[in-house]
Amino acid sequence: MEAHFTVSSDHPALPGHFPGNPVVPGVVILDEIACLWLAGHPGFRLAGIPAAKFLSVLRPDEPCRVQFDDAGEKSVKFDCFSGDRRIAQGRLLFTSVAP
């Protein structure tokens, strides 16, 4: 699965990260990645993020592409890119939502 996102320059988490040289905080990137996966998988919720590595900065309004690969039951690996530059990689855990 592949998905895309962009964090707008007016996102409320950006002030302070960093004035004059804005960078999207890692927690915002992880939230976007998890929300993208969950949007395509109703009936699940995020259970944990056992691994996440940030390799490059993401700037506001910079398009981002996320590739997801199944990593076992209720686990998915992700790689996040801006162009050819890898921004982040890691693994998400999910659990079923009780009916």
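One can find the structure itself at the top, above this paragraph.
All values derive from a computational prediction rather than experimental measurement. By convention here, each chain's residues receive numbers from 1 onward along its written sequence. Per-residue local features are limited, in this predicted model, to residues with pLDDT of at least 70; the limit for side-chain atom pairs, both in listing and counting, is 80 or more; totals at the level of whole chains, interfaces and linings are taken over all residues. The side-chain values count all of the structure's non-hydrogen atoms but skip hydrogen atoms and water molecules.

K.L.:
Can you explain the overall build of the protein chain? Please cite residues and give values.
P.N.:
What counts as a helix is a DSSP run of H or I of at least four residues, what counts as a strand is a run of E of at least two, and both are numbered from the N terminus. Counting its regular elements, the protein chain contains one helix and five strands. Moving toward the C terminus, one meets the helices and strands of the protein chain in the order β-α-β-β-β-β. Throughout, radius of gyration means the C-alpha value; the globule benchmark is 2.2 Å times the number of residues raised to the power 0.38. The globule rule puts the C-alpha radius of gyration for 99 residues at 13 Å, and the 14 Å found for the protein chain is close to it. Once the C-alpha set of the protein chain is aligned to its principal axes, its extents read approximately 45 × 30 × 20 Å.

K.L.:
Give a description of the sheet that holds strand S2 (residues 44–54) that names residues and reports values.
P.N.:
A pair of strands counts as paired when DSSP detects no fewer than two bridges linking them. Strand order in the open sheet formed by five strands is S1-S3-S4-S5-S2, with antiparallel pairing between adjacent strands. Each having just a single partner strand, strand S1 (2–5) and S2 make up the two edges of the open sheet. On average, each strand axis in the sheet is tilted by 25 degrees relative to the strand beside it, whichever way the strands run. When strand S4 (residues 75–82) meets strand S5 (residues 85–96), the two strands line up antiparallel, connected through eight bridges. Bridging across to S5, Val76 finds its partner in Leu92. The contact definition used throughout considers only heavy atoms, calling two residues in contact when any of these lie within 4.5 Å. Axis lines are fitted through C-alpha atoms, for helices just across the contact stretch, and the angle between N-to-C directions can take any value from 0 to 180 degrees. Together, S1, S2, strand S3 (64–70), S4 and S5 form the strand contacts of helix H1 (residues 26–39), whose direction differs from that of S2 by roughly 135 degrees.

K.L.:
Explain the pattern of salt bridges to me, using residue names and the numbers behind them.
P.N.:
Pairing is possible between side chains that carry opposite charge, provided their charged atoms lie close to one another. A side-chain nitrogen of Lys or Arg and a carboxyl oxygen of Asp or Glu constitute a salt bridge if their distance falls within 4 Å. Counted by the stated rule, this structure contains two salt bridges. A salt bridge links Arg85 to Glu62, with the nearest nitrogen and oxygen atoms 2.2 Å apart. Linking Arg85 in strand S5 with Glu62 in the loop between S2 and S3, this pair joins segments that are 23 residues apart in sequence. By relative accessible area, which is 32% here, Arg85 ends up partly exposed. Only protein chains enter the accessibility calculation, which uses a 1.4 Å probe. A residue is then buried if its area is under 20% of the maximum for its type, exposed if over 50%, and partly exposed in between. We classify Glu62 as buried; its relative accessible area is 16%. Of the charged contacts, one joins Arg86 and Asp79 as a salt bridge, the two residues approaching to 3.3 Å between their closest N and O atoms.

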